[in-house]
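A closer look at the structure
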Amino acid sequence: MSPSSPFPLQRLPFRLPRPLARPPTNRPTCQSASGMEQLCYLALSVLLAIVVLYGLLELHYFLRMCICVVLARFVKRRCHILDATTVNGLCLTNDVDTLLYHMNNARYFRELDFARVDFYERTNLYRTITGMGGSVFQGAATIRYRRFIRPFHRFNIVSRIIYWDEQSLFMEHRFVRPSDKFVHCIAICRQRVIDVSMEAVMAELLPRTSSNGFRASASPSLAAPSSAAAASAAASGGISNPAMDTSLAENGHGTNGGGATGAGAVAAGATATAAGATPTTAAHCLKLKPSLPPELSKWIEYNDMSSKNLRSGC
């Protein structure tokens, strides 16, 4: 105690501050956070793989093709080989042209792939060709544009057979507007058949009109043209049943162009009979075979001339 201080001094006890308590470690929370992080990495990897596949393989094309095959084989009704089939389409943003105003011209041929697959499956054409040891591929195509298809507008593709010969099958595809049946464009494709005769394939498929109950829909273009129509076609400059030169034919195959009459019909009947068909079946096939349209015969002639020029080195 200090003598000068009136109050006694007391020593206060000195205590160190207590350390703050650490929060208890929650190991399950850390594990769940690590699992979420791995899940995010996995989702990003899957998304990146989809983007790469979409850019390199155009994934939606193959997915749509698979869906088209499944629908045609298991959902849609079967059709006769001379019937017309219809598939639906929609012009999306990846189908438009550079100006973003209408469907790109190249997309029309792409849409025809789905129309052909639908026709092949519903008419049993492809399985018949492969079952007879043959194969089919695209030989030539021509298209006439009439009016463009705007983005996000629907359209239908109507496909049918317009003619066939010994080695080829000719199909017509029409892009039709569903609301008023306006035809936007018309495409004609030549399907080449190898290792099998197309006449034999049609002799196998045409008689199924009575056996399976399929009925070929009557079409004015499939009926044989009258003499007056043939005369008018010749007068307008079209070629009616032109005699094709064998030297101009592709793969050494000559086309008579006489449709279901004349020497072409006799050759078709002989091929069908040689393939195992009865004379009655061959006569039935010749009766159902459409005549060769004049514009198609002109196009065949141009194709054969182009093939000859390519073989000669031009």
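Residues numbered from 1 in each chain as written. Predicted model: local features only at pLDDT ≥ 70, side-chain atom pairs only at ≥ 80, totals over all residues. Heavy atoms only, no water.

1. Here's the deal with the sheet that holds strand E1 (residues 85-90)
- With antiparallel pairing, the 5 strands of this open sheet are ordered in space as E1-E3-E4-E5-E2. One side of each edge strand has no neighbouring strand; the edge strands of this open sheet are E1 and strand E2 (135-145). Adjacent strand axes in the sheet meet at a mean angle of 25 degrees when their direction is disregarded.
- With 6 bridges connecting them, E1 and strand E3 (residues 154-164) associate as antiparallel partners. What sits directly across from Thr86, in E3, is Val158.
- Helix H5 (residues 198-205) rests against E3, strand E4 (168-176) and strand E5 (183-194) of the sheet, and its axis sits at about 110 degrees to E3. (Pairing = 2+ DSSP bridges. Helix = DSSP H or I, 4+ residues; strand = E, 2+ residues; numbered from the N terminus. Axes fitted to C-alpha atoms, helices over the stretch in contact; angles between N-to-C directions. Contact = heavy atoms within 4.5 Å.)

2. Regarding the packing of aromatic side chains
- As enumerated under the stated definition, the model contains 9 aromatic pairs in all.
- Geometrically, the ring pair formed by Tyr61 and Phe62 is edge-to-face, given 5.4 Å between the ring centres and 85 degrees between the ring planes.
- For Tyr61, a relative accessible area of 18% corresponds to the buried category.
- Note on Tyr108 and Phe175: the rings are 5.0 Å apart at their centroids and 70 degrees apart in plane angle, and the pair reads as edge-to-face. Of the two residues, Tyr108 is situated in helix H3 (residues 105-123) and Phe175 in strand E4; the sequence distance between them amounts to 67 residues. For the pair formed by Tyr108 and Phe175, the shared burial category is buried.
- Among the aromatic residues, those joined into a cluster by ring pairs are Tyr108, Tyr145, Phe155 and Phe175.
- Here the guanidinium or amino end of Arg64 rests over the ring plane of Phe114, the centre of that ring lying 4.0 Å away. (Phe/Tyr/Trp six-rings, centres within 6.5 Å; stacked < 30°, edge-to-face > 60°. Buried < 20%, exposed > 50% of the residue type's maximum accessible area, 1.4 Å probe, protein only. Lys NZ or Arg CZ within 6 Å of the ring centre and 35° of its normal.)

3. Comments concerning the environment of Arg78
- Following the sequence through the fold, Arg78 ends up in the loop between helix H2 (59-75) and E1.
- Its relative accessible area of 29% is what places Arg78 among the partly exposed residues.
- Residues Arg78 and Thr123 lie 45 residues apart in sequence; the distance between their C-alpha atoms is 6.1 Å.
- A distance of 3.4 Å separates the side chain of Arg78 from the backbone oxygen of Arg73, its partner in a polar contact. (Polar contact = N/O pair within 3.5 Å; in protein donor to acceptor, adjacent residues only side chain to side chain.)

4. Section: the nonpolar core
- Residues Ile81, Leu125, Ile161, Trp164 and Met198 are the most contacted members of the largest nonpolar core, which totals 20 residues.
- Taken together, the elements giving at least two residues each to this core come down to H3, helix H4 (125-131), E3, E4 and H5.
- With 5 residues, the top contributor of residues to this core is H5.
- If you look at the next biggest cluster of nonpolar residues, it comprises 15 residues, including Met103, Phe155, Phe175 and Cys185. (Core = buried A, V, L, I, M, F, W, Y, C linked by side-chain atoms within 4.5 Å.)

5. Some words on unusual backbone geometry
- Residue Lys181 is not a glycine yet carries a positive backbone phi of 60 degrees.
- Residue placement: Lys181 occurs in the loop between E4 and E5.
- Its relative accessible area of 57% is what places Lys181 among the exposed residues.
- The phi dihedral of Asp195 is positive, around 65 degrees, even though this residue is not glycine.
- Residue classification places Asp195 among the exposed positions, given a relative accessible area of 64%.

6. Describing a nonpolar patch on the surface
- A cluster of nonpolar side chains, Leu48, Val52, Leu53, Leu56, Leu57 and Phe62, forms an exposed patch at the surface whose accessible area comes to about 600 Å².
- When residues in the nonpolar patch are grouped by element, the largest group, 5 residues, is from helix H1 (residues 27-57).
- For Leu48, the position within the fold is in helix H1. (Patch = residues over 30% accessible without salt bridge, like charges linked within 9 Å, V, L, I, M, F, W, Y side chains within 5 Å. Areas by Shrake-Rupley, 256 points an atom, 1.4 Å probe, with all protein chains shown as cover. Salt bridge = Lys/Arg side-chain N within 4 Å of Asp/Glu carboxyl O.)

7. Some details on the pattern of salt bridges
- For the structure shown, the criterion picks out 12 salt bridges.
- A salt bridge links Arg73 to Glu121; its shortest N-O distance comes to 3.0 Å. Taken as a pair, Arg73 in helix H2 and Glu121 in helix H3 lie far apart in primary sequence, 48 residues in all.
- Each of the salt bridges in this network shares a partner with another, and the network as a whole consists of Arg73, Glu121 and Arg127.

Bear in mind that shape data such as this cannot, by itself, settle questions of function.
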